[in-house]
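Examining the three-dimensional arrangement
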Amino acid sequence: MNRFVVVILIVAGIFGLPYLFWLFQGNSGVSASEQTREELQKYQGMNWYFKHKKWDEDSPLELSLLPEDVTKEEWDAAIDVEQKKKLVLVQPINWLGVQDELLKREIEDFTGARSTGWVFRYFDDLSSSNSDIPESTMALQENWDYNGAGYIFTNDRLEKVVVVPSDQPLEQGVGDQWTTSDFQGWIEVMDASIEEEVSFWFRLPKEVSNQLEGVVEGQQLPGIIERSHPKLHTAYMAGDFQQLESPPGLYQIFALTDVYGFFYKNRSDGFYWSTFTDELDRIVASAKELPDEVEKRNEELTYHSRVGEDEFEIKVNDEWQTFTVKGVNIGMGAPGYFPGEAGISEEQYYRWFQQIGEMNANSIRVYTVHPPGFYRALKRYNEEHDTPLYVFHGVWAEEELLEETQNAFNDETQKRFQKEYQDIVNILHGNARVLPQVGHASGTYDADVSDYVIGWILGIEWYPEMVMGTNEANKDIGDYEGEYVYTEGASPFEHWLAEHMDDVIKYEMDTYNEIRPISFTNWVTTDLLDHPSEPLEDEDMVSVNPNVVSLKGVLEEVGQFASYHIYPYYPDFLNVDKTYREYVDQDGMKNSYAGYLNDLKKAHKMPVLVAEFGIPASRGGTHVNPYGWNQGNVTEKQQGEIVAKLYRTILAEDYLGGLVFSWQDEWFKRTWNTMDYDNPERRPYWSNQQTNEQHFGLLSFDSMKVKVDGDFKDWTEEDVFAEDSSVQLQVSHDEAYLYLNLRGIKETDRARILLDTIPNQGNQTVGDVKFQEGIDFQVSLDGEDSRVLIDSYYDFYHYLYGNDQKMIEPVSTGQKNSGDFTPIYYVLNKQLYYPELKKVEPFQFYETGKLTRGNGNPSSPEYNSLADYEYSEEGVEIRIPWLLLQFRDPSRLEVIGDVFRDGVEASEVTESIGIGATVEMEDGEVVVLPGESQELPRYTWETWNIPTFEERLKPSYYILQDAFK
């Protein structure tokens, strides 16, 4: 054969065979729309990859891309799976450019990748001459004098930069397989909702991660986070991994990625060839495994729970088992967020479920739609544990709308309520997309938890005036006759409830062929009993009677139950009713709570669940109970003991069980006797120890920067505020307290710490000492008589109830600098007439400024959560709740203003507070801080919108853990 021809054939084979192999290899199994292919032109690496792998026009799997400046319209289009399954590749998003906070939250929730705001990069050269380091980054530090290799971490939102010199390179890998990373771009620092969803990691050198407190946690950082949904797979990439120096002109060559991966390791795009194309292969393979369709409707009527004569039953492995309810209510509140902002992450929910399960609880209740992470975490927890957590799901009714209209039948209430429960039905079956709406959770709900939802509890605590208004406006409506629910002798409001109960059942039956037991929320205020001993007319004005509502048809197979919120201290008749006060409980003790439970249970034709009960462990109190089961002003240990006692009582009175209120503390809450003191727009940003509604939880959120226990190890030299030769004053703070520390005094010394919190007010003379500023508060340390005192002019309690509402004698006529300080009181009850006792109880109050000595360290066996101060041989440390110092919002230094000038809503933002002290020593010497100048040194702090805290299980958790065994 001609040598030339041979050469031609050899050359043709060398170049032609790779093309032929490419031509006959399978395709990617991925399709793309024309618009997506146009968008791919901006992403050279991904465009080249999919052309090399070949598109499959007939594939049921379609590619979607999410650009860094994503819009709501682009997001909606990317996750639309009506026509095809989707593979959504997410490039690092410019979160600063995403102005829609609801969109940001939905993307993070859907992908499982939560932005921290930080990005980082490893540089061989950190010097200012390196053009790869942005000038804007170097400008964040006053002097940029680095040399050699290292890491730069920067946060545009916070305008911060952290530089860690190091010649140790970044690593990458999965599991135990780690190699030096050849990625040369910026990497977004992400938190993964579920660690198992991280398919590719970066790892920092330990010497670097140790210097990054507050920036990153640990050494490993997610590189790619993947999450599978029904018909959709997402891959969030923490870096621009697809970047290419210059893509090859040819893509029709078999195994070309392997060739480039071998020869181009040291180029800037070496990561693309050596790593990223392999990762894309794996991501595509995962997406192709998605099922084409997900069947949601049951072929046969399905239910997993039912109500027996006096008990719940759950179907487990096709067998019905008795189920005594022992659980907790979970609200939507988290520090820094109002409930409608859905600030609880999937990771938090999962951790909470673990702790709730370990507490020996078997159920949880939610009041409304939670974010998708709740349902995903619940499904994952229950699938991973032998004993699942079951759910009672609520349907929220718009309180403000009901109060405004005083008629539940108004069109807007009807429409919103119906949409709420239809959404929830679809959510429980993992088949909902709830569009963002201010004040509501939203997102894509694809976790089917319907097997674990054992009952509906519709609605809220009904306001008596609204119920009366509904009944008056709809007098002639008559009884309700539905497909599954009917009434006999119902009031119009009871008709309204039955109608919506029927509609919930019908919607789930028609859509999913599934049913579950049903109830509606009720409380003592609207129970079906008469309470002649109740002093407040509104508390016994009207009844909402579950007995007039009955079931029919297939719904009879699962049954109904009554649900009540029942607390031991409210309404007031529970404390004074003679019959209830004489009732003897299971422990042989008089127990009005048990007496009421017994009466209520006998009045119902159906089983009853105590859907809320509990006691808050707060410093501030509101209602009192004859047995000390008070609303507030109880320790965390007492909280547990009381709640355990109440639970035993609930079971002894033959209820279905009880759900403790609540799992977590909720900072956004208000209490009637402190709500005029604080700023309602800023409640979630700080922990108000004086408002008991915030502290019902078994789980607290606190930083306890200083653990007031007499051990001064929490204090540093930076906290020194004022001192002389014998006495030193230190000051610190966190989201809950102002901390004060006086070193060098004894228990027998009499000390006063003086605070100037608002300018142009206060008393300038304290004892025999004159000060340049007015003193607004004294912290008087005098043995068992220790207390906080307030300038009478600034005393908000006496102004509100004395000068303004004329219920008590005022202590000030409006004269500033009177020299008078008064104790600090809170109201417990306004004047009441008790009809059964035929007596008037006067205005009731207590001294909230009285200080309690004790050990405030949760790790101590002597822990007292109500402790305000403790001595040691070194001195005394004190913590003062912010509201006790009349701070409306410490997170922005807002205090109650000049009330005599501006009234009860008076507010002022102060720049700082003055703090000093006088100490009368045992030998008669008087020490004054700040010394002869008598000008108080000023203490201030940075404002915050993101509170710092740690989760802590209270002692009450462990007591309930034992009670629930």
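In what follows, the structure referred to is the one given above.
Our subject in this report is the structure included herewith. Given the structure is predicted, the values throughout are model-derived calculations rather than measurements. (Residues numbered from 1 in each chain as written. Predicted model: local features only at pLDDT ≥ 70, side-chain atom pairs only at ≥ 80, totals over all residues. Heavy atoms only, no water.)

1. Brief notes about the nonpolar core
Nonpolar side chains tend to gather and get buried jointly when the protein is soluble and globular. Ranked by internal contacts, the top residues of the largest apolar core, which has 127 residues, are Phe353, Trp456, Trp462 and Trp663. Trp663 has contacts with Val328, Asn329, Ile330, Trp352, Gln355, Ile356, Met359, Gly697, Leu698, Leu699, Leu953 and Tyr957, leaving out every residue within four places of it along the chain. By size, the runner-up hydrophobic cluster in this structure holds 67 residues, among which are Ile93, Val189, Val215 and Ala235. (Core = buried A, V, L, I, M, F, W, Y, C linked by side-chain atoms within 4.5 Å. Buried < 20%, exposed > 50% of the residue type's maximum accessible area, 1.4 Å probe, protein only. Contact = heavy atoms within 4.5 Å.)

2. Comments concerning the pattern of salt bridges
Inspection of the entire model under this criterion finds 53 salt bridges. Of the charged contacts in the structure, one is a salt bridge between Glu874 and Arg743, with a shortest N-O distance of 2.7 Å. Taken together, the residues Glu874 in the loop between strand E41 (869-871) and strand E42 (875-881) and Arg743 in strand E30 (residues 737-743) connect sequence positions 131 residues apart. Between Glu870 and Arg853 there is a salt bridge, with its nearest N and O atoms 2.7 Å apart. Of this pair, Glu870 sits in strand E41 while Arg853 sits in the loop between strand E40 (844-847) and E41; the two residues are 17 residues apart in sequence, bridging distant segments of the chain. (Salt bridge = Lys/Arg side-chain N within 4 Å of Asp/Glu carboxyl O. Helix = DSSP H or I, 4+ residues; strand = E, 2+ residues; numbered from the N terminus.)

3. Describing the pairing of strand E16 (residues 363-366)
Burial along E16 is two-sided: Ser363 and Arg365 and Ile364 and Val366, pointing in opposite directions, are all buried. Pairing of strand E15 (residues 325-329) with E16 involves three bridges; the strand directions are parallel. For Gly327, the partnering residue across the bridge sits in E16 and is Ser363. As defined by bridge partners, E16 adjoins strand E17 (residues 390-395) across four bridges and the pair is classed as parallel. Bridge assignment links Arg365 to a residue of E17, and that residue is Phe392. Between the parallel pair E16 and E17, the chain is carried across by helix H11 (residues 372-384), and the sense of this crossover is right-handed. (Pairing = 2+ DSSP bridges. Right-handed = clockwise from strand over helix to strand, strands pointing away.)

4. A closer look at the packing of aromatic side chains
Counted under the stated rule, the structure contains 70 aromatic pairs. Each ring, one from Phe202 and one from Phe241, has its centre 6.0 Å from the other, and the planes form 55°; the classification is tilted. Note that Phe202 is positioned in strand E9 (residues 198-203) and Phe241 in the loop between strand E11 (232-237) and helix H8 (256-263), a separation of 39 residues in sequence. The buried category is assigned to Phe241, whose relative accessible area is 1%. Seen from their ring centres, Tyr677 and Tyr826 are 5.3 Å apart, and the 65° between their planes marks the pair as edge-to-face. (Phe/Tyr/Trp six-rings, centres within 6.5 Å; stacked < 30°, edge-to-face > 60°.)

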